[in-house]
Amino acid sequence: MIRHTQTSGGAPVDYRAVMRDGQWLAHRYDPGADAIRFLRLAREDHARATFITDEYLPAGRPALALHRSEVMASAAEPARLHLVLHSAFCCSTLVARALDVPGVATTLKEPVLLNDIVGCRRQGMDPERLAPLLRDALIVLARPLQPGEAVVVKPSNVVNGLAPAMMAMRTDIHALILYAPLRVFLASVARKGMWGRLWVRELFAGLHAEGMVQMGFEPGDYIKQTDLQIAAVGWLAQQALFVRMAARFGDQRIRTLDSEHLLRQPAAAMSAIATLFGLKIDVGAVVAGPAFTTSSKTGDTFGADDRAREQREGLSLHKDEVDKVAIWAEAVAAAAGIPLVLPAPLIAG
């Protein structure tokens, strides 16, 4: 049976047609109405957007708000789904752009639907309601732009706390975990100025609220810590999560990669990622393509040399602060048993 609903303009909507058309992105979740908001985006819209968030998407795109139960009743078999998880500032957007190859894979860069589910969790949604919601989200996101493509989701790192549940719900999911080395991460935060420092405090607040910060500090200790110390604690909390995930799911499903190995060995890294996800890509074309040669934010020419120069400048400008916080964080990591280098590396070197 074809299911229809009425739009505000009175025209019927074919749920089944929407669910079979990956250009209808499952964009937001409304918990009050238990509805999923779909936004119509072509591949070109995805490519132009740094992330598929309202900040970067064109205004006025066609949209539908559809009740979740009706949506799921019309769902087709989901496509193959894989994850690019990350702890920020580690070239994860570069990898997502590189993997978006027509006929091979659709990539979704930080879909807000998953952020909304994190919001539901933090606001106290009953786990018995949350688990089916997350399961449904994985189904509606696994709808490629072209038939036969896999779907690669690069969530925002605020979603990391849900990653183990996602991996458990779909045993066919493989995940690449990307991270920047500690000093590189700290320099990236410092280089971004006030906004970078505010962002890491927001990240820390979310991780702490989810019980993911276990460093042996008393609650009052955090207010005494500098912005970069808070950044380091957030980085370590994510490292600890990734270590647990690697142990739980094994290296057949999860592999890890740091940004420096990616940039030093792009062809080897992309070839290994393609193997992990079961994707047939032209590695040479991908490495020579826009993902590795232009900025994801501006579209301007921006290659490995530019990234290396930006890193050097950031480290040089903030060297004293970065070095002191890194030494402190290394001691915290050692006391908490958190490795600075993740297990299950994707490539040797």
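## Considering the nonpolar core
One finds Phe38 and Leu279 to be the most contacted residues of the largest nonpolar core, which totals 120 residues. Examining the composition of this core, we find that 14 residues originate from one element, helix α10 (residues 227–249), more than from any other. Excluding anything up to four places from it in sequence, leucine 279 contacts Arg80, Leu99, Val104, Ala105, Ala150, Val152 and Ala274.

## A short note on unusual backbone geometry
Positioned with a positive phi, glutamate 110 is a non-glycine residue whose angle comes to about 60 degrees. Its place among the elements puts glutamate 110 in the loop between β7 (105–109) and α5 (112–122).

## Here we look at the environment of methionine 125
Structurally, the position occupied by methionine 125 is in the loop between α5 and α6 (127–141). Remark: the alpha-carbon pair of methionine 125 and proline 31, spanning 94 residues in sequence, is separated by 9.6 Å.

## Considering the sheet that holds strand β8 (residues 150–154)
Taken in spatial order, the 5 strands make up an open sheet running β7-β8-β6-β9-β10, and their pairing is parallel. Either end of the sheet is taken by a strand with one partner, and the two such strands are β7 and β10 (254–258). Recorded for the sheet is a direction-independent mean angle of 20 degrees between the axes of neighbouring strands. Bridge analysis of strand β9 (residues 175–179) against β10 gives 5 bridges, and the strand direction is parallel.

## Overview of helix α8 (residues 182–191)
Burial analysis of α8 places 8 of its 10 residues in the buried class, the great majority of the element. Those residues of α8 that are buried are in contact with α9 (193–209), α10, α11 (259–264), α15 (304–317) and α16 (319–336). One or two steps after α8, the chain reaches glycine 193, where phi turns positive at roughly 70 degrees.

## Some points on the packing of aromatic side chains
Ring pairs (aromatic) are described by centroid distance and by the angle formed between their planes. Tallied over the entire structure, the rule returns 6 aromatic pairs. Ring geometry for phenylalanine 204 against tyrosine 222: centres 4.8 Å apart, planes inclined by 55 degrees, an arrangement best described as tilted. In this pair, phenylalanine 204 is assigned in helix α9 and tyrosine 222 in the loop between α9 and α10, connecting sequence segments 18 residues apart. In this pair, the class of phenylalanine 204 matches that of tyrosine 222, namely buried. Geometrically, the ring pair formed by phenylalanine 217 and tyrosine 222 is edge-to-face, given 5.6 Å between the ring centres and 65 degrees between the ring planes.

## Quick look at the pairing of strand β3 (residues 24–30)
β3 sits mainly inside the fold: 5 of its 7 residues count as buried. As paired elements, β3 and strand β4 (residues 35–40) share 6 bridges and run antiparallel to each other. Counterpart to tyrosine 29 in the pairing with β4 is isoleucine 36. In this structure, the hairpin formed by β3 and β4 is closed by a connection of 4 residues, where aspartate 34 is found at a positive phi of approximately 50 degrees.

## With respect to α5
Inspection of α5 places Val112, Leu113, Leu114, Asp116, Ile117, Val118 and Cys120 among the buried residues, and these make up the whole buried set. At its buried positions, α5 is contacted by β3, α6, β8 and α7 (163–169). One or two steps after α5, the chain reaches glycine 124, where phi turns positive at roughly 95 degrees.

## Thoughts on a nonpolar patch on the surface
On the surface, Met194, Trp195 and Leu198 cluster together to form a nonpolar patch covering roughly 380 Å² of accessible area. In this structure, leucine 198 sits in helix α9.

## Topic: the pattern of salt bridges
Overall, the coordinates contain 23 salt bridges when judged by the stated rule. For the salt bridge of glutamate 210 with arginine 122, the shortest nitrogen-to-oxygen distance reads 2.7 Å. With a gap of 88 residues between them, glutamate 210 in the loop between α9 and α10 and arginine 122 in helix α5 connect regions that are remote in the sequence. The class of arginine 122 is partly exposed, set by a relative accessible area of 39%. A salt bridge links lysine 324 to aspartate 320; the shortest N-O distance between them is 3.2 Å. With lysine 324 and aspartate 320 both in helix α16 and 4 residues apart, this pair spans about one turn of that helix. The two residues lysine 324 and aspartate 320 agree in class, both being exposed. One salt-bridge network, held together by shared partners, links Arg183, Lys319, Asp323 and Glu330.

Cut-off values and rules
Residues numbered from 1 in each chain as written. Predicted model: local features only at pLDDT ≥ 70, side-chain atom pairs only at ≥ 80, totals over all residues. Heavy atoms only, no water. Core = buried A, V, L, I, M, F, W, Y, C linked by side-chain atoms within 4.5 Å. Buried < 20%, exposed > 50% of the residue type's maximum accessible area, 1.4 Å probe, protein only. Helix = DSSP H or I, 4+ residues; strand = E, 2+ residues; numbered from the N terminus. Contact = heavy atoms within 4.5 Å. Pairing = 2+ DSSP bridges. Axes fitted to C-alpha atoms, helices over the stretch in contact; angles between N-to-C directions. Phe/Tyr/Trp six-rings, centres within 6.5 Å; stacked < 30°, edge-to-face > 60°. Patch = residues over 30% accessible without salt bridge, like charges linked within 9 Å, V, L, I, M, F, W, Y side chains within 5 Å. Areas by Shrake-Rupley, 256 points an atom, 1.4 Å probe, with all protein chains shown as cover. Salt bridge = Lys/Arg side-chain N within 4 Å of Asp/Glu carboxyl O.

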